[in-house]
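Chain by chain, the residues run as shown.
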Amino acid sequence: MTAIDLSHRVDAVPAKRGVLRRVLFGKVSTSIATLVIIAFFVVAILAPWIAPYDPLKQSFLAINKYPSAQYWLGTDQFGRDVLSRLIYGSRTSLLFGLIAPACAAVIGTTLGILAGYFGGIVDRVVSKMIDLLMAFPELLLAIIVSAALGGGFWNVVLVLTIAFVPGFARVARASTLAVRQEPYIEASLAIGVRTPVIILRHVLPNISASIVLLWTLWIASAIRLEAALSFLGIGTQPPSPSWGNIIREGLGNVLGSPWPIIGAGFAITAIVMSINLIGDAARDMLDPNSSER
Amino acid sequence: MGIVFSKILDAIPTLWLVMTLVFVALRILPGDPALVALGDFATPEQLKVFREQAGLDMPLWHQYLDFLWNVVTFDFGSSFITRESVAATIAHVLPYTIGLAIAATLIGVVVGIPFGVLSAVKKNKLPDQGMRVFSLIGYAIPDFYLGAVLLLVFALHLKLFPINGGGVGFADQLYHLALPAITLAVLKIAFLGRLTRTSLLEVLSKDYVRTAKAKGAPPSKVIYKHALRNALLPIVTGLGLSLLATLSGAVAVELVFNRPGLGSTLIKAIAERDYTLIQGAVVVFALMVVVVNLLVDVLYSVIDPRIGR
């Protein structure tokens, strides 16, 4: 899926080949984090084969069961197997986590490069929009847009994309401004290379590292945001399982069984923490001056 | 004083843009609000009367001007569902949200900043590592999950705290505030602690700190008088950011603890397609964002006189 996209784009910076391995397996903590992330992806991809039950199948005979050999994480108020719902929920979360920041990266980078490269009125308009949207916390922005659009897969993708676009645009703009001063851009201009070619061949590859880094960091944010929206009832709609709406439904049934809440929350925390660890390691590697050490 | 005034002038076009965005966003809301408010059995005449009363039959530009005028005068009409005045509903719930945000911020500042100072001073020792683990978890754990766990453990099982609601009377309200405020404060402590540590470490490597140490100033005086004061600027920005994060985090936490507040009101209004109430709540949220940003800007110039003169 889009995971292949990541390695492909990191390969675009050939000198940094060894960096990826050091980021992922450089320390004990990042090695564990990498394994956790891989495990989540394997589970999500293999969901239909490893989930013990149908996540939507209700059973009156198995309501609010506590964990047992038959139901490893118990069942919810509709008698649905919690573990199977978590496994299928990981598909929702990871899919949003990959797609939404990717869409935002494409749109935001385009806007940022245009603003940074051309300057003038384009820059002023884009910068004003960025400042405006950046003033809002992502979740609040997402809630406001959801208020207008409602739930559903593509609406949620759109909501998350809008929430992330300004960040990408800001980084792309700043990097483009820096790259634009480089002698090789001046040289290409002097020998008459056309503008679209300069942007695609010279600007884009040189700012791609920071964009890819931002994208990986925001996978975690996207997973969190999707969970929060689904928890609020304006993200993924039931009965489709998502970690957020599992907690929402669990909260309505705390006295019946706490296990859906505990399980889904643990899943979100584990994947977000792992991605953050990798993201921090990548940032330290790319920016030796960052004082987070 | 001049700077405050010019910042406020700056905020006006921003506010106007935000309000325009809100208007556009709400006009593409799917579903006919009249049909939603009156139900499927409403007659065409009833729908027509309702649309007239709510101004939904007007041309769009007219609705837009009305909307802007309503924002300026804080008059959002009455709820589509309950018929109560939107301004009154919001005025009733807003103190709960602001109280929650202030309590969470206070805990965050009182615990987070000393925590950050400690881990900068004891760099790579036990307190620093504890801080690192805490902030790793604090950043990853969703606030609504943390709230649900605290609710499960401290309210349902240990019965130390009330399960839900806002409370009656000051002491009872504080009692009801405790768990939600702690929930929101955890992320704040992680964030402010890390920020304090980073900016303090940076300042501690500066020449004037070395000079202060060299002339024999006591370590506590070096840290609190020379270093922390200079490390404060990024912390204030961080405080503004985290106050905004609290406003949005409050939405989920209010839902977990079934607290009255602007967030839970907005979510309920969205579920019921209560047009006017959504409009009012979103406008107030946007207003708070602009005001917090304004405050941070102004505080900036107070802390660092070099900025904005």
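Residues numbered from 1 in each chain as written. Chains lettered and ligands numbered in written order. Predicted model: local features only at pLDDT ≥ 70, side-chain atom pairs only at ≥ 80, totals over all residues.

What follows concerns the overall build of chain A. Within chain A, the secondary structure is distributed over 12 helices and zero strands. When the helices and strands of chain A are read in sequence order from the N terminus, they spell out α-α-α-α-α-α-α-α-α-α-α-α. Dimensions of chain A along its principal axes, counting C-alpha atoms only, are 75 × 45 × 35 Å. A buried classification covers 45% of the 293 residues belonging to chain A. Here the contacts in chain A between residues at least 6 apart in sequence split such that 70% fall between residues at least 24 apart. (Helix = DSSP H or I, 4+ residues; strand = E, 2+ residues; numbered from the N terminus. Buried ≥ 20, exposed ≤ 12 C-beta atoms within 10 Å, placed from the backbone. Contact = placed C-beta atoms within 7 Å.)

The subject of this paragraph is the overall build of chain B. Helices and strands together make up the secondary structure of chain B, namely 12 helices and zero strands. Taken across its 309 residues, chain B has 39% of its residues classed as buried. Partitioning the intrachain contacts of chain B with sequence separation of at least 6 by distance along the chain shows that 73% fall at a separation of at least 24.

So, on to the environment of Ile 12 of chain B. Position of Ile 12 of chain B relative to the elements: it lies in helix 1 (residues 2-27). The sequence separation of Ile 12 of chain B and Val 290 of chain B amounts to 278 residues, and the corresponding C-alpha distance is 9.3 Å.

Chain A puts 32 residues into the contact, and the matching count from chain B is 39 residues. Looking at the side of chain A that touches chain B, the elements that each hand over two or more residues are helix 7 (138-149), helix 10 (195-232), helix 11 (243-251) and helix 12 (259-286) of chain A.

To continue, consider the packing of helix 10 of chain A against helix 12 of chain A. Residues and elements named next belong to chain A. Where helix 10 meets helix 12, the axes come as close as 10 Å, and the angle between the chain directions of the two elements is 160°. As summarised for this structure, helix 10 and helix 12 are arranged roughly antiparallel, according to the angle between their axes. When the axes of helix 10 and helix 12 are compared, the crossing they make is left-handed. When helix 10 is examined against helix 12, the residues Ala 209, Leu 213, Thr 216, Leu 217, Ile 219, Ala 220, Ile 223, Arg 224 and Ala 227 are found in contact with a partner set consisting of Ile 268, Ile 271, Val 272, Ile 275, Asn 276, Ile 278, Gly 279, Ala 282, Arg 283 and Leu 286. In terms of residue class, the contact of helix 10 with helix 12 is built from 14 nonpolar, three polar and two charged. (Axes fitted to C-alpha atoms, helices over the stretch in contact; angles between N-to-C directions. Parallel < 35°, antiparallel > 145°, perpendicular 65-115°, else oblique. Left-handed = near helix turned anticlockwise from the far one by under 90°. Nonpolar A, V, L, I, M, F, W, Y, C, P; charged D, E, K, R; others polar.)

The next thing to look at is the packing of helix 11 (residues 262-271) of chain B against helix 12 (residues 275-303) of chain B. Residue and element names in this part refer to chain B. At a minimum axis distance of 9 Å, the contact between helix 11 and helix 12 shows a crossing angle of 145°. The two elements helix 11 and helix 12 cross, and the hand of that crossing is left-handed. Residues Leu 262, Thr 265, Leu 266, Ala 269 and Ile 270 of helix 11 touch helix 12, and the partners they reach there are Leu 277, Ile 278, Ala 281, Val 282, Val 284 and Phe 285. In terms of residue class, the contact of helix 11 with helix 12 is built from 10 nonpolar, one polar and no charged.

For helix 11 of chain B, the buried fraction is high: eight of the 10 residues fall into the buried class. The complete set of buried residues in helix 11 of chain B reads Leu 262, Gly 263, Ser 264, Thr 265, Leu 266, Ile 267, Ala 269 and Ile 270 of chain B. Where helix 11 of chain B is buried, its residues meet helix 7 and helix 10 of chain A together with helix 5 (86-121), helix 10 (219-256) and helix 12 of chain B. At the C-terminal side of helix 11 of chain B, Arg 273 of chain B shows a positive phi close to 55°.

In this structure, Ala 142, Leu 160, Leu 232 and Ile 247 of chain A together with Ala 281 and Val 282 of chain B are the most contacted members of the largest nonpolar core, which totals 159 residues. Residues within four places of Ala 281 of chain B in sequence aside, it is in contact with Ile 90, Leu 262, Thr 265, Leu 266 and Ala 269 of chain B. (Core = buried A, V, L, I, M, F, W, Y, C linked by C-beta atoms within 7 Å.)

Before going further, it helps to spend a moment on the confidence of the model for chain A. Looking at chain A as a whole, its pLDDT mean stands at 82, while 91% of the residues score no less than 70. Counting interchain partners and residues more than four positions distant, the pLDDT-below-50 stretch residues 1-15 of chain A has 15 contacts. (pLDDT = per-residue confidence, 0-100.)

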